[in-house]
Amino acid sequence: MNRDTIDINDFTVLVEVNKAQEVVIDACSFDEPVVAVAFYGSGNVDLSMEWSKQQKQYKGTKGLALSFYADETVNCVHRVAPEKPLECIVVATALRKLNELPHQEGEIFSEMLNELVNPSDNYVEGPRFFMNPEMQQVVDSIFANSFTGKTKMMFFRSQITVLLSHFFGQLALSYQQQNRPQETDKLELAKEILAANLDNPPSLTELAKSIGLNTTKLKKDFKAVFGVPVFKYLQNQRLTAAHEMIQKQQATVQEAAWQVGYDSLSSFSNAFTKKFGYRPSQVN
């Protein structure tokens, strides 16, 4: 068995390899409640999480990324066999240290792994998925490295950071796909209507009615899909169109303001300056 432990800020990282000639049980537990993510290499070992006469089994762990909460009563039990060696990376932080993590890492954990930050049992399974090729490549490189001493620890630190970034990126993408509104075609139509009527756009109520949604759903889903509220999108389109007209000398500043629906030149100038960082009269 080969086991390396690395401390990265308030994370403890365990990198373990166990290749057995016969079936053996490799078990470990934590000293205090932790939130953790386990990444499995190509060994395809069997895993069982056991606590309070309960257990959760995982068969075929090859390429698995598993997030979880576990307290001191939970045993992580791997069944290692000649054809199923253990290749596992566990990145864990004590629950009490989440708010101390730097670079907004604690905030990311709390937002994306809320069920683990607020556990309902001794063991709670969080999001899990099989890693994409990029993540798998990072995991394979960790197990295949030939560095020693301080160089090895430096390599581990860099790769673990990359691995966590991939994990949360994959998690965010999954959440976006799950929470993406179904009626995106109607929202795209809303964008087209606004773009075609910059000088005299419909009211929010009129826009919602024209695409077959109520105003509440329109506002919520529009921001979810396009990242900005309806009014902000309209304002950005207006100012971008005005900038293009002024730059191509197709209109004066006053004319451009009128053509995109601004009655007040000062309001237009202020909004333009806030968006682009210079006044409309300074457009080259």
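Everything discussed here concerns the structure shown above.
Focus on the sheet that holds strand 4 (residues 34–40)
Consideration 1: The strand order across the open sheet formed by six strands is 1-2-9-4-7-10, and the pairing between neighbours is antiparallel. Only two strands of the sheet have a single partner each, and these edge strands are strand 1 (2–8) and strand 10 (123–130). Averaged over all neighbouring strand pairs, the angle between strand axes comes to 15 degrees, with direction disregarded.
Consideration 2: Here strand 4 runs beside strand 9 (residues 86–94); their pairing, made up of seven bridges, is antiparallel. The residue of strand 9 that forms the bridge with Phe39 is Ile89.
Consideration 3: Packed onto the sheet, helix 3 (residues 133–144) meets strand 2 (11–18), strand 4, strand 9 and strand 10 and runs at close to 105 degrees relative to strand 9.

Quick look at the pairing of strand 1
Consideration 1: Relative to strand 2, strand 1 is paired through seven bridges, and the arrangement is antiparallel. Bridge assignment links Ile6 to a residue of strand 2, and that residue is Val13.
Consideration 2: Between strand 1 and strand 2, which follow one another and run antiparallel, lie two residues, and Asn9 among them has a positive phi close to 55 degrees.

Quick notes on the nonpolar core
Consideration 1: If you look at the biggest cluster of nonpolar residues, it comprises 36 residues, and the most contacted ones within it are Phe39, Ile89 and Phe167.
Consideration 2: The element contributing the most residues to this core is helix 4 (residues 149–179), with nine residues.
Consideration 3: Here Phe167 is in contact with Val37, Phe39, Ala65, Ser67, Phe129 and Met135, once residues within four sequence places are set aside.
Consideration 4: One finds Ala20, Val34, Ala70 and Val74 within the second-largest nonpolar core, a separate group that totals 24 residues.

What to know about the packing of helix 5 (residues 184–196) against helix 6 (residues 204–211)
For any two helices packed against each other, one specifies the inter-axial angle together with the distance between the axes.
Consideration 1: Axis separation between helix 5 and helix 6 bottoms out at 9 Å; the angle between their running directions is 130 degrees. For the element pair helix 5 / helix 6, the angle class is oblique. Crossing of helix 5 against helix 6: the hand is right-handed. Note on element contacts: helix 6 touches helix 5 through Leu207, Ser210 and Ile211, opposite Lys186, Leu189, Ala190, Ile193 and Leu194.
Consideration 2: Partitioning the contact of helix 5 with helix 6 into residue classes produces six nonpolar, one polar and one charged.

Considerations on unusual backbone geometry
The bulk of non-glycine residues show a negative phi, and the bulk of peptide bonds are trans.
Consideration 1: Although it is not a glycine, Asn44 adopts a positive phi angle of roughly 60 degrees.
Consideration 2: Structurally, the position occupied by Asn44 is in the loop between strand 4 and strand 5 (46–51).
Consideration 3: Of note in the backbone geometry, Gln249 takes a positive phi value of approximately 55 degrees without being a glycine.
Consideration 4: Positionally, Gln249 belongs in the loop between helix 8 (230–247) and helix 9 (253–259).
Consideration 5: Accessibility expressed as a relative area gives 73% for Gln249, which makes it exposed.

Quick look at the packing of aromatic side chains
Consideration 1: Taken as a whole and assessed by the stated rule, the structure comprises 14 aromatic pairs.
Consideration 2: Sitting above the plane of the Tyr262 ring, Arg238 keeps its charged end 5.5 Å from the centroid.
Consideration 3: If you follow Lys275 out to its NZ or CZ, it ends over the ring of Phe276, 5.4 Å from the centre.

Comments concerning the layout of surface pockets
Consideration 1: If you add up the space inside the largest pocket, you get close to 530 Å³.
Consideration 2: For the largest pocket, the lining is made up of 29 residues, of which Thr12, Ser29, Phe30, Val34 and Ala92 are closest to its centre.
Consideration 3: Every element with two or more residues in the lining of the largest pocket is listed here: strand 1, strand 2, strand 4, strand 5, strand 8 (75–80) and strand 9.
Consideration 4: The residue inventory of the lining of the largest pocket, partitioned by class, reads 16 nonpolar, six polar and seven charged.
Consideration 5: Approximately 210 Å³ is the volume found for the second largest pocket.
Consideration 6: Lining the second largest pocket are 13 residues, and of these Phe11, Glu105, Thr161, Leu164 and Ser165 lie nearest its centre.
Consideration 7: Every element with two or more residues in the lining of the second largest pocket is listed here: strand 2, helix 1 (105–112) and helix 4.
Consideration 8: Sorting elements by how many residues they give to the lining of the second largest pocket places helix 4 first, with five residues.
Consideration 9: For the lining of the second largest pocket, the class distribution of residues is nine nonpolar, three polar and one charged.

Digging into the pattern of salt bridges
Consideration 1: As enumerated under the stated definition, the model contains 11 salt bridges in all.
Consideration 2: Measuring nitrogen to oxygen at the nearest pair gives 2.9 Å for the salt bridge that ties Glu16 to Arg3. A residue pair is termed long-range when its members are at least 10 positions apart, and Glu16 in strand 2 and Arg3 in strand 1 qualify at 13 residues.
Consideration 3: A residue is classified by how much of its surface remains accessible, and Arg3, at 38% relative accessible area, is partly exposed.
Consideration 4: For Lys248, the salt bridge identified is with Glu244, shortest N-O distance 2.9 Å.
Consideration 5: Several salt bridges share partner residues, and in doing so they unite Arg3, Glu16 and Asp26 into one network.

Cut-offs applied
- Residues numbered from 1 in each chain as written.
- Predicted model: local features only at pLDDT ≥ 70, side-chain atom pairs only at ≥ 80, totals over all residues.
- Heavy atoms only, no water.
- Pairing = 2+ DSSP bridges.
- Helix = DSSP H or I, 4+ residues; strand = E, 2+ residues; numbered from the N terminus.
- Axes fitted to C-alpha atoms, helices over the stretch in contact; angles between N-to-C directions.
- Contact = heavy atoms within 4.5 Å.
- Core = buried A, V, L, I, M, F, W, Y, C linked by side-chain atoms within 4.5 Å.
- Buried < 20%, exposed > 50% of the residue type's maximum accessible area, 1.4 Å probe, protein only.
- Parallel < 35°, antiparallel > 145°, perpendicular 65-115°, else oblique.
- Left-handed = near helix turned anticlockwise from the far one by under 90°.
- Nonpolar A, V, L, I, M, F, W, Y, C, P; charged D, E, K, R; others polar.
- Phe/Tyr/Trp six-rings, centres within 6.5 Å; stacked < 30°, edge-to-face > 60°.
- Lys NZ or Arg CZ within 6 Å of the ring centre and 35° of its normal.
- 1 Å grid on protein atoms, 1.4 Å probe; cavity = no way out; pocket = protein on both sides within 12 Å on 5 of 7 lines; lining within 4 Å.
- Points joined across faces, edges and corners; volume = space filled by probe spheres on them.
- Salt bridge = Lys/Arg side-chain N within 4 Å of Asp/Glu carboxyl O.

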